[in-house]
Amino acid sequence: MFRRKNPYEALAAALYARTAEQARAPALFEGCGIPDTLDGRFDALALHAALMIDRLRREPDGEGLAQAYFDAMFRHLDLTLREIGVQDLGVGRRIKIMAEGLHGRALAYRQALAGGPLPLSDVLRRNAYGGRSPDDAEVERLEAHTRDYAARLAVTPRQELEK
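Across its full length, the chain carries seven helices and zero strands. Starting at the N terminus, the α and β elements of the chain follow one another as α-α-α-α-α-α-α. What you see for the chain is a C-alpha radius of gyration of 16 Å, in line with the 15 Å of a compact globule of 163 residues. With respect to the principal axes defined by its C-alpha atoms, the chain has extents near 55 × 40 × 30 Å. In the chain, which comprises 163 residues, the share counted as buried stands at 42%. When contacts within the chain are restricted to residue pairs at least 6 apart in sequence, long-range pairs at least 24 apart make up 62% of them. Of the accessible surface of the chain, which amounts to about 9,100 Å², a share of 55% is contributed by carbon and sulfur atoms. Between the centroid of the 24 positive side chains of the chain and the centroid of its 24 negative side chains there is a distance of 4 Å.

In structure tokens, the structure reads:
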């Protein structure tokens, strides 16, 4: 009631909703082999959210916008966990694990896309399949999707991101 309204809240929520929609694309589960499970869906969301957060950080006010996006994402994940019946005491613990997982994945994806020590295919194999061992063709399709998505985000003007 008395908190100051975050100027990025509405945009961040819209961007998160769009990212979540993209992370639920059937091709990710059917063609790329991400398991259609709670963990697999989080892995798909974490991949897309990490790329969006990196894109948002490149804006002049990017840190504030990226933080508002992160907050919108975890408000939604908190609500989702409660809706599926996770007890109140378990929600905070799970959210903490998810936040740490997102942070680790985001760093790994960022490094791999920048030509870091591990190839993107290895990073995806380790982080995007909920413990399942994907075949090489599935990883290749997910890598192509990831590179394409990152490239599209890089050239999309801010006002076009939520479309």
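Another point: the environment of Ala14. Residue position: Ala14 is located in helix α1 (residues 9-23). Note: C-alpha distance between Ala14 and Leu161 (147 residues apart in sequence) is 9.4 Å.

Turning to the pattern of salt bridges, a few remarks are in order. Using the criterion set out here, one finds 13 salt bridges in the structure. Of the charged contacts, one joins Arg152 and Asp148 as a salt bridge, the two residues approaching to 2.9 Å between their closest N and O atoms. Here Arg152 pairs with Asp148, and both are found in helix α7 (residues 136-155), just four residues apart, close to one helical turn. Owing to a relative accessible area of 40%, Arg152 belongs among the partly exposed residues under this scheme. For Asp148, a relative accessible area of 40% puts it in the partly exposed group. Overlapping salt bridges bring together Arg55, Glu59, Asp61 and Arg158 as one network.

Turning our eyes to something else, we now look at the side chain of Thr19. You can see Thr19 is positioned in helix α1. According to the relative accessible area criterion, Thr19 is buried, its value standing at 0%. Dropping the residues within four chain positions of it, Thr19 is found in contact with His48, Ala49, Met52, Tyr69 and Tyr149.

Right, let's talk about the layout of surface pockets for a bit. Computed from the structure, the largest pocket encloses a volume of approximately 520 Å³. Along the wall of the largest pocket there are 21 residues; nearest its centre are Leu38, Arg41, Phe42, Leu77 and Met98. Contributions of two or more residues to the lining of the largest pocket are made by α1, α3 (38-57), α4 (62-83) and α5 (88-113). The element best represented in the lining of the largest pocket is α3, accounting for six residues. The class makeup of the residues in the lining of the largest pocket is eleven nonpolar, four polar and six charged. A volume near 250 Å³ is recorded for the second largest pocket. Along its surface, the second largest pocket is lined by Ile53, Arg57, Glu63, Ala66, Gln67, Phe70, Ala99, Leu102, His103, Ala106, Leu107 and Arg110. Secondary-structure elements contributing two or more residues to the lining of the second largest pocket are α3, α4 and α5. In terms of residue class, the lining of the second largest pocket is built from seven nonpolar, two polar and three charged.

The rules behind the values
Residues numbered from 1 in each chain as written. Predicted model: local features only at pLDDT ≥ 70, side-chain atom pairs only at ≥ 80, totals over all residues. Heavy atoms only, no water. Helix = DSSP H or I, 4+ residues; strand = E, 2+ residues; numbered from the N terminus. Rg over C-alpha atoms; globule rule 2.2 N^0.38 Å. Buried < 20%, exposed > 50% of the residue type's maximum accessible area, 1.4 Å probe, protein only. Contact = heavy atoms within 4.5 Å. Areas by Shrake-Rupley, 256 points an atom, 1.4 Å probe, with all protein chains shown as cover. Lys, Arg positive; Asp, Glu negative; His and termini not counted. Charge placed at Lys NZ, Arg CZ, Asp CG, Glu CD. Salt bridge = Lys/Arg side-chain N within 4 Å of Asp/Glu carboxyl O. 1 Å grid on protein atoms, 1.4 Å probe; cavity = no way out; pocket = protein on both sides within 12 Å on 5 of 7 lines; lining within 4 Å. Points joined across faces, edges and corners; volume = space filled by probe spheres on them. Nonpolar A, V, L, I, M, F, W, Y, C, P; charged D, E, K, R; others polar.

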